[in-house]
Amino acid sequence: MNKKYLILFLIIGTFLIAGCKQRIGQVGSTHEHIDFKVYIDNKEIDFAKQEYMVKARYVHIESMDDDVIHKHATGVTMADFIKTLGMELTPTCFKMNNQEYCSNSDKTLKIYFNGQLNDEAANWELRDLDKYLISYGNDNEANIKKQLSSVTNKACIDSKKC
């Protein structure tokens, strides 16, 4: 009777291990470009600094251009990209430089995906020509529209699809 349970345990364990695949693909499994901006209290974060350039091979910004994310592996999310910069993004918090910008009664974290508010977009796989805006604060509609319009169309140039 114990041998049957052991065999069953081994079979189930094998299926569980086989089903736990790494979510991020191999470097070179794709080559896509995504436009993005991040604002904290209506101030754009400047990512055009050497400390943010090519922090990971599978997803990065490069050439001092802080408008376009270069994705070189499948399965990469905005939260994954932000993590390569030493920051953190969840549906309700953005953390950078030992500061937390979390939604509260005064200010909110908003994530816009292709112009539409969607707090779950932080965990969606980045796709070619997507546009992301991450905005924290108590911005009015006019400021949000201005921020959204600041997200460039450079990704289509890098992807040669303009």
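Starting from 1, residues in each chain are numbered consecutively following that chain's sequence as written. In keeping with the model being predicted, local features are shown solely for residues with a pLDDT of at least 70 and side-chain atom pairs are shown and tallied solely at 80 or more, while totals for entire chains, interfaces and linings include all residues. To obtain the side-chain values, all non-hydrogen atoms of the structure were used and water was disregarded.

Participant: Would you mind showing me how to read the overall build of the chain here?
Facilitator: Secondary structure elements follow DSSP: runs of H or I of four or more residues count as helices, runs of E of two or more count as strands, with numbering from the N terminus. Assigned secondary structure in the chain consists of four helices and 10 strands. What you see in the chain, going N to C, is helices and strands ordered as α-β-β-β-β-α-β-β-β-β-β-β-α-α. Burial analysis of the chain (162 residues in total) assigns 43% to the buried set. Any two residues whose heavy atoms approach within 4.5 Å at even a single point are treated as in contact. In the chain, the proportion of contacts linking residues at least 24 apart, taken out of those at least 6 apart, comes to 60%. On the chain, roughly 9,700 Å² of surface is accessible, and the fraction owed to carbon and sulfur atoms is 53%. Three exposure classes are used, based on accessible area relative to the maximum for each residue type with a 1.4 Å probe and protein chains only: buried under 20%, partly exposed in between, and exposed over 50%. Surface accessibility in these figures is a Shrake-Rupley result with a 1.4 Å probe; residues are shielded only by whichever protein chains are displayed.

Participant: For this particular structure, what's the right way to read the pairing of strand 7 (residues 99-102)?
Facilitator: The side chains of a regular strand alternate, residue by residue, between the two faces of the sheet. Here the rule is simple: two strands pair whenever DSSP picks up at least two bridges between them. The sheet contact formed by strand 6 (residues 93-96) and strand 7 spans four bridges and is antiparallel. Looking across to strand 7, one finds that Phe94 is bridged to Tyr101. Hairpin remark: strand 6 followed by strand 7, antiparallel, with two residues in the connecting loop; positive phi at Asn97, about 50°.

Participant: How do you make sense of the pairing of strand 10 (residues 131-137) when you look at a structure like this?
Facilitator: Among the seven residues of strand 10, six are classified as buried, and the element is accordingly described as predominantly covered. Here strand 1 (residues 32-40) runs beside strand 10; their pairing, made up of six bridges, is parallel. Paired with Phe36 across the strands is Tyr132, a residue of strand 10. Here strand 8 (residues 108-113) runs beside strand 10; their pairing, made up of six bridges, is antiparallel. Paired with Tyr112 across the strands is Leu133, a residue of strand 10.

Participant: Would you mind showing me how to read the pattern of salt bridges here?
Facilitator: Close approach of charged atoms allows side chains with opposite charge to pair. Put simply, a salt bridge is a Lys or Arg side-chain nitrogen that is within 4 Å of an Asp or Glu carboxyl oxygen. All told, the structure shown has 14 salt bridges when counted by the stated rule. In this structure, Lys37 and Asp67 form a salt bridge, with 2.5 Å as the shortest nitrogen-oxygen distance. Residue Lys37 is found in strand 1, and its partner Asp67 is found in strand 4 (residues 65-71); the two are separated by 30 residues along the sequence. Residue classification places Lys37 among the buried positions, given a relative accessible area of 8%. We classify Asp67 as buried; its relative accessible area is 7%. Of the charged contacts in the structure, one is a salt bridge between Lys145 and Glu141, with a shortest N-O distance of 3.5 Å.

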